[in-house]
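One letter stands for each residue in the lines below.
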Amino acid sequence: MAEQVRLGKTNLYVRPIGLGANKVGGHNLFSGLNNETGKEVVRTALDNGINFLDTAFIYGPEHSERLIGEVLKERGQRDEAVIATKGAHKFVNGEVVFDNSPAFLRESVESSLKRLQTDYIDLFYIHFPDEATPKAEAVGELKKLKDEGKIRAIGVSNFSIEQLKDANSDGYVDVLQSHYNLLQREAEKDLLPYTKENGISFVPYFPLASGLLGGKYTKDMTFTDIRAKDPLFQGEAFARNLDKVEQVREIANALNAEVAHVVLAWYLTRDSIDALIPGAKGPEQVLANLKTLEVQLSQADIEKIDRIFQS
Ligand code: NAP
């Protein structure tokens, strides 16, 4: 079993392959999900040593946290999981708004604790920035919750570099979760260097570019879900992206691995990326993603993959 890595400056240790749980109970985001399969995804992860579970209030909403709470309760071993959850979404007259006010963040932590059936959250993220709250003030409230033992580490997500610097003005931010994958590398400009310099773990979301970097898609495929509007999946861009995936396949074949594992292994070679949270729709994808830990990329492979996706 691969060793555990430390998240930023925290006392949290996780296996480098975690579980992104937006497809565990995220009925508002994906169709065709089933509660029992979602719980089986979580059980499979924990049974196989995956201990980093990534959920959020908005997955369901509330349902993903509840399903994870039920599985943890049935197993009775709270400390086998490092639970990350997120809050900031608020429903006002049926519309979603973001709220980072200290009072709302406190309320969010308290309600996540109930749904997860636990008395502490390992890592609590501000899921999205709001316009109104100074970020140092928002994180200051999370620091109080940390001092009270309700959360163990502080995260922010979808923050710009300016918002991150404000949030981290007292050095309290432990983890940044941002959109990053080989096809969408904007974070390399400011966010990744900042996290490296400040001892913050960077957790990339959409590591497989919603499946495009998974190595299973072909040029004739069409999509009816959110991918139908995603620029990565449109016409010539889609074809070019799949050509890049084919170049990765050559590297994967030589290593006797699959494209998805080589892509995920590449992220783990980046400074400040300690752990990944690929999503899984079923137990088989959980087990498949774990194979990433068996992939050993050479320096030449790492540079070649970098070059494929620079063009
Ligand atoms: P992702 O990891 O980029 O893609 C997951 C998709 O890739 C799966 O649904 C599956 O799609 C495909 N896949 C998974 N394993 C594979 C394998 N071994 N081989 C080939 N294809 C594979 O996207 P994501 O799940 O949406 O994002 C990951 C996690 O990030 C989420 O679960 C969530 O926890 C987090 N997230 C956070 C934010 C935020 O705002 N902070 C936003 C989005 C997501 P198909 O089976 O359809 O091919």
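The text that follows walks through the structure, step by step, so that each part is easy to find. (Residues numbered from 1 in each chain as written. Predicted model: local features only at pLDDT ≥ 70, side-chain atom pairs only at ≥ 80, totals over all residues. Heavy atoms only, no water.)

**Overview of the overall build of the protein chain**
Step number 1: Each helix and strand in the protein chain was counted, giving 10 helices and 11 strands.
Step number 2: What you see for the protein chain is a C-alpha radius of gyration of 19 Å, in line with the 19 Å of a compact globule of 311 residues.
Step number 3: Its C-alpha atoms give the protein chain principal-axis dimensions of about 50 × 40 × 40 Å.
Step number 4: Buried positions account for 54% of the 311 residues belonging to the protein chain.
Step number 5: Long-range contacts, defined here as pairs at least 24 residues apart, represent 73% of the contacts in the protein chain between residues at least 6 apart.
Step number 6: If you average the places of the 37 positive and of the 46 negative side-chain charges in the protein chain, the two averages end up 1 Å apart. (Helix = DSSP H or I, 4+ residues; strand = E, 2+ residues; numbered from the N terminus. Rg over C-alpha atoms; globule rule 2.2 N^0.38 Å. Buried < 20%, exposed > 50% of the residue type's maximum accessible area, 1.4 Å probe, protein only. Contact = heavy atoms within 4.5 Å. Lys, Arg positive; Asp, Glu negative; His and termini not counted. Charge placed at Lys NZ, Arg CZ, Asp CG, Glu CD.)

**Quick notes on helix 9 (residues 283–290)**
Step number 1: If you check which residues of helix 9 are buried, you get V286, N289 and L290. Here the buried residues of helix 9 occupy an arc of 105° about the axis, which is enough to place them on one side.
Step number 2: Buried residues belonging to helix 9 abut strand 3 (19–20), helix 1 (35–47) and helix 8 (259–267). (Arc of directions from axis to C-beta.)

**Some remarks on the site of the ligand**
Step number 1: In the vicinity of the ligand lie 31 residues, with N22, K23, D54, Y217 and K281 positioned nearest.
Step number 2: Contact between the ligand and G20: an oxygen atom at 3.2 Å from a main-chain N or O atom of the residue.
Step number 3: A209 is positioned with one of its backbone polar atoms (N or O) 3.2 Å from an oxygen atom of the ligand.
Step number 4: Starting from 910 Å² of accessible surface for the ligand in isolation, the protein chains cover 93%.
Step number 5: Per-element tally for the shell around the ligand: the top contributor is helix 9, with three residues. (Near = heavy atom within 4 Å. Polar contact = N/O pair within 3.5 Å; in protein donor to acceptor, adjacent residues only side chain to side chain. Areas by Shrake-Rupley, 256 points an atom, 1.4 Å probe, with all protein chains shown as cover.)

**Focus on the pairing of strand 8 (residues 123–126)**
Step number 1: Both faces of strand 8 are covered, namely the face carrying L123 and Y125 and the face carrying F124 and I126.
Step number 2: Following the backbone out of strand 8, through helix 4 (residues 135–147) and into the adjacent parallel strand 9 (residues 154–157), one traces a crossover that is right-handed. (Right-handed = clockwise from strand over helix to strand, strands pointing away.)

**Details of the pairing of strand 11 (residues 201–205)**
Step number 1: Across the five residues of strand 11, five count as buried, placing the element largely inside the fold.
Step number 2: By the alternation rule, side chains of strand 11 split into S201, V203 and Y205 and F202 and P204, which are all buried.
Step number 3: Sheet topology places strand 10 (residues 175–179) next to strand 11; five bridges connect them, and they run parallel. Directly across from Q177, in strand 11, lies its bridge partner V203. (Pairing = 2+ DSSP bridges.)

**Remarks on the pattern of salt bridges**
Step number 1: Per the stated rule, a full pass over the model turns up 26 salt bridges.
Step number 2: Note that R43 is salt-bridged to E40, the shortest N-O span being 2.7 Å. Placement of the pair is R43 and E40 together in helix 1, with a separation of three residues, close to one helical turn.
Step number 3: Look at R43 and you get buried, because its relative accessible area is 15%.
Step number 4: Between R227 and D225 there is a salt bridge whose closest N-O contact spans 2.9 Å. (Salt bridge = Lys/Arg side-chain N within 4 Å of Asp/Glu carboxyl O.)

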